[in-house]
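Structural features, examined
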Amino acid sequence: MAKGAAVKPAAPAVKDISYNPRVVEKKWQAKWEADKLYRAVIDERKPKHYALTMLPYPSGDLHIGHWYAMIPPDARARFKRMQGFNVLFPMGFDAFGLPAENAAIKDGVHPMKRTYANIERMRKQMRSMGAMFDREREAVSADPEYYKWTEWFFIQLYKHGLAYRKKAAVDWCPKDNTTLAREQVVGEGRVCERCGTPVIKKNLEQWFFKTTKYADELLNFDGIDWPQTVKTLQTNWIGRSEGAEVNFHIASEKELGNQESGIRNRDGLIPPDSQSLITVFTTRPDTLWGATFMVFSPEHPLVDKITTPEQKAVVDEYKAQAARQSDIEREAADKEKTGVFTGGYAINPVNQARIPIWIADYVLMSYGTGAIMAVPAHDERDFAFARKYDLPIVPVIQPEFQNEAEMGNPSTGSGQRMKAAYIGDGVMVNSGPFNGTKVNTEKGRKNPGIRKVIDWLEAQGIGKESVNYRYRDWLISRQRYWGAPIPMIHCEKHGWNPVPEDQLPVLLPEDVEWKPTGESPLKLHPTWKNTTCPVCGGPATRETDTMDTFMCSSWYHLRYLSPHYNKGPFDQAEYNYWMPVDTYTGGIEHATMHLLYTRFFHKALRDMGITEGNEPMLQLRNQGMVLAEDNSKMSKSRGNVVAPDVLVEKYGADTVRAYIMFFARWEMGAPWDSQGIEGTARWIRRVWALFTDQTPPTTASVEVKKNLRRKVHQTLKRVTRDFERFEFNTIISSLMELMNEMYKAREAGAAGSADWNEAAEIYLKMLAPVAPHIAEELWTNHLGKPYSIHQQMWPKVDEAAAKEDVIEIPVQVNGKVRDRIMVPAEASEDQIKSAALASETVQKYLEGQEPKKVIVAQRRLVSVVV
RNA sequence: GCCGGAGUGGCGGAACUGGCAGACGCGCACGACUCAAAAUCGUGUUCCUUCGGGAUUGAGGGUUCGAUUCCCUCCUUCGGCACCA
C-alpha cells in the first residue's frame, strides 16, 4: 500500500485516446489463428492440463450465457498455460437433438441443414470472443465420423451386457413424441424437461443401459474434487436405502381354516411353494412383528391370484381406476390414501400371524418388489391407511421415556390409542426373541436392532439383507430422426443383433419427410429400415429409434483428443497424454443427467479395458446463471436476452470478457446490469492510456517506487490465488486497484523507473488471460516486448517485496476500535503491546484503570480488556 | 415434508485460518473542464446523530478478549427430491 508515500504532483501526462478495440482485436485474432498459437499438441516435456467446458447445442446464436460459461474458464486455461502447462481447451457442438427436428416439422428445413448453418454462425461468433480454443480439435456430434463411434460404443455396451431391451411403462412426452429418461422428467407436475409438457406413461419395448449396475460405485466420489452440491444431488438421485428382503407367503387353505383359533398356527404348516411366496423390501426389519397387514401395488402380478371371489368386483374396479389415473394424480403426496381388501391373507414368517392383503396405489410397482408389509405403528403412511380402514395397530418399538398414554399400551397388544406413528428410537417389544433389544434411528446395519434381526432372518432362511435404489436404468431410445441411429438389426429368426462393426456408421438417410405424425421419419422411410440379418443373411429390419443425445455427450471429451481419427473412437497416444480431464466446468442443471451418465460411461468403458482410472473428470466447477436485468430468466420469448455481439461491437471483446468475469461471483451468477459494463470499459480505456500516454521523466522518490513494487507483488499473489480458485471477480478488482496505484505512482514521477517497468510488465501478463487482445497490443507495440504475450511465463511473486515494513494495527478497548497505531512489521508482540498502551486515546478510554488483559492477535490487532 | 445453497450499503459484490465490515465497480451528489451537453478528471457516498458519539453483515440466543466467519433456534429465498416402504 502506498500509505504515507509522499505524492508529488508531476507534469500532467499527455492523453492518448487511440484505443480502438475493433481494429486491435481483429488484427490479433487473425495473427493468432495464422500462427496456430493455440494449437495443443502432445509435448512430453511439459505437464498437461485438460480444461473442458460443456459443449453448446447449436441453437443459432451465441448468447451472454455462453460467454459466461466459456470466458472465465478460457481465462483460467490461459493462466494455466502461462504457468507452464501444456493446455488443451477444446470446443465443439452437441449437434443432435429435438429443437432442429421440431423446427423442421414446422417449416420443412432439414435438421442437418439448419444445424450446420447454426454451427457456422456460432463458430463466427465464437471467434469474436478471443478464446484459446484449439479449432483443430473441434468435434461435432452429428458428423458421421463422430456418430460412427457413438454407435460403436452402443455395440460395446451391448456386447458387455450393459445394453438391453425391455418392455416397461416408460415416460412419454406427447409434444415431442418420444420417450424420455427418468431424469428428463422434472418438477412437481412431472413435465418434459425440454418443453414443459406433462408426460404420460406408455408401455413400450425400449433400449436401456444398465446404469444401476454402477449405482454403488457412482456413490463414491473419492479422488475427485467436485462441488458438494453435485455430489449430494447425485447421491439423492441414486437414493440408496439399506434394509432386508423378507419372504411372506400366501396363507394356505389349512392356515385359513385355523383362523378361529387365533393368530398362531403351530401345527401343520405347509411349506410355502414358490408360487405363493411374497417378497417384500423393508428398511425396518426390526418392526416385522408389528406388520398387521400387507399392501400390494394394484399392478402386482399376484393380485388376481389372491383375490377372493367376493372381493373380485371391488378389486377390479380399484385396479381400473388406478390405471386410469395419471402419475401426477397418483403420486401427489398429500392425496388421501385409498385401497381395497383383496380377501386374501399372508402369513408373517416371524410370528405366523395371519394378516390381510390389501391393494393401494400408494405402493408403487416400480420400487422394491411392488408389495410391502405394513407396520402402522411405526410408519406414517401405513398409520394413515390403518386408521382410515380400521386395521390393527401393534406397537413393537417402545420409547424409553414416554408414558403409555401417548404410545398406547403395548402389553395389551393394541396401538389404537396412538396419535401418530412412532419413528424414534426405543426398545423392541412384542417381538418374540427380540424383546428388550435396543433400536436407534440409524439406517441399515449400523442400527443394532436392525442388524440383529437381519442376522436372525438369514439364519432362519426367511429373509436376507438387501439394498434398494431409487436409481433406474437409463432409457436411451428416442422415437426421433435427428440423433445417432441405434445400430441394431431385428430378424424374425435370430432376434436382435448388432450391425457388424465394419458396416458402421449406420448413416441417417437424408431423404426423409417431416410430418407431425408422432412416428420417427426413419420408420416412415420406404427403404432405409430394410436390411439383412447379420447372422443368417435373410431379410431383417433396422431399429428405427435413435439414441438420447446424452449418449453423444457422454464421450465427447474423448473425441476432442482426435476428432478425425478413424481407427477407433480416439487415438490411444492422445488419450495417454491428455486424460483425465483436469478441470470441467458447466451448469449445475446437468448434475443428475450428463454428469452422472458420463461417469457411468467412463466406468463401463474402464471395465471393457477402453479407458483407465475410475473417473473421467477430476475437478468440477459450476457457473451460475446470468439473469435478465429484472431478475427473470433470459429467454427469446420474453425478449430480454442480452446479445454479446452488440456489446462486442460497442465495447470490444476484451471489455465484455472482463465484465463477464467481474460483474458477479462466477459460481453464483447475477442479474445483468447494462450500466455496470461502463465501469469495466472505463478501466480498459484507462489501462490503455496508462501504457500509451507520453509520460514525464522519472522523478519519484525511493519510497514511491518501493510502495509501487509492493503493491505489484501483493496483487500478483492475490491474482494467482484467485485464478486457482475460480474467483474471477476479485481478479478484476485487484487489477483495477493496482491500476489506480500505478496512476498515483506515475503522478509521483515513477514512470520510466526500473520498478515502473517491472510493474508494467507484470501488469500486462496478469491482464493477458483476461483481455488477451489489448494485452498483446500493449506488450508488443508499446512495451516493445517479443510476441506473443500469451507465450510468456507467469511472473513469480517476490515475497520480500510484497511484505509491508510498517503495519497499522487497530487497538480495541472492550471490543471497540479506539485507535490505530503504526509499528514496524518486525515488531515483537511486547513492543506492539506497549505501543498500544502508550497511545493517548487508549489511555483516555482506560480512564485510569489497569487493563485486565491485553491480547496481541497475530500482529493484526490489539485487544485491551478492562 | 426431507436434503442442499444463499441472505452484508440504493445495486453487483469484498473481507486470507475467529482479528480494522463495506475493497473494487455501478448508481447518486458536488466540483473542474465546456457557451452547453457528452466524454474525461477530482472529491464525497452504510445508517442515525444533540457532532461527543451510537448502531450495523436476515432475526433471536450462545461460545469468545473479539463472530459476516463457529454452535443452537427461527425467518426469507433459490435449487433438488418427494407416498421410495
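Residues numbered from 1 in each chain as written. Chains lettered and ligands numbered in written order. Predicted model: local features only at pLDDT ≥ 70, side-chain atom pairs only at ≥ 80, totals over all residues. Heavy atoms only, no water.

**Describing the domain arrangement of chain A**
Domain assignment breaks chain A into domain 1 (149-223 + 473-550), domain 2 (240-469), domain 3 (644-801) and domain 4 (804-865). The C-alpha-based centres of domain 1 and domain 4 are spaced at 73 Å. (Domains from an automatic or database assignment.)

**As for the pairing of strand 28 (residues 617-623)**
Counting buried positions along strand 28 yields five of seven residues, so the element is predominantly enclosed. Each parallel crossover has a hand, and the one from strand 27 (residues 581-587) via helix 19 (residues 594-607) to strand 28 is right-handed. (Buried < 20%, exposed > 50% of the residue type's maximum accessible area, 1.4 Å probe, protein only. Helix = DSSP H or I, 4+ residues; strand = E, 2+ residues; numbered from the N terminus. Right-handed = clockwise from strand over helix to strand, strands pointing away.)

**Some details on the protein's contact with RNA strand B**
Taken together, the neighbourhood of RNA strand B is formed by 60 residues, with K337, R381, F663, R820 and R860 sitting nearest. Sugar and phosphate atoms constitute 63% of the interface atoms of RNA strand B, taking the interface as everything within 4 Å of the protein. Y362 places a polar main-chain atom, nitrogen or oxygen, 3.0 Å from a sugar or linking oxygen of RNA strand B. Considering each element in turn, the surface near RNA strand B owes the most residues, six residues, to helix 24 (residues 728-747). Of the residues assigned to the surface near RNA strand B, the class counts are 21 nonpolar, 17 polar and 22 charged. (Near = heavy atom within 4 Å. Polar contact = N/O pair within 3.5 Å; in protein donor to acceptor, adjacent residues only side chain to side chain. Nonpolar A, V, L, I, M, F, W, Y, C, P; charged D, E, K, R; others polar.)

**Quick look at the nonpolar core**
F154, W672, W683 and F723 are the most contacted members of the largest nonpolar core, which has 178 residues in total. In terms of residue count, the dominant contributor to this core is helix 24 (10 residues). Shared between two domains, this core holds at least three residues of each, these being domain 1 (149-223 + 473-550) and domain 3 (644-801). The contacts of W683, once residues within four sequence positions are left out, are A658, I732, L735, M736, M739, Y763 and L767. Listed in part, the 54 residues of the second largest apolar core include V295, F296, Y318 and A421. (Core = buried A, V, L, I, M, F, W, Y, C linked by side-chain atoms within 4.5 Å. Contact = heavy atoms within 4.5 Å.)

**Comments concerning the state of the cysteines**
The full count for this structure, using the stated rule, is zero disulfides. In this model C173 remains outside any disulfide bridge; the closest cysteine sulfur is found in C195, 3.5 Å from its own. Residue classification places C173 among the buried positions, given a relative accessible area of 0%. C533 takes part in no disulfide bond, and the closest cysteine sulfur, belonging to C491, lies 3.7 Å away. Overall, the relative accessible area of 3% leaves C533 in the buried class. (Disulfide = S-S within 2.5 Å.)

**Brief notes about the sheet that holds strand 17 (residues 426-428)**
In spatial order, the strands read 16-17-18; together these three strands make up an open sheet with antiparallel pairing. Two strands in the sheet have a free side with no partner beyond their single neighbour: strand 16 (397-398) and strand 18 (438-439). Judged from the two bridges that link them, strand 17 and strand 18 form a sheet pairing that is antiparallel. Its bridge partner lying in strand 18, G426 is registered against V439. (Pairing = 2+ DSSP bridges.)

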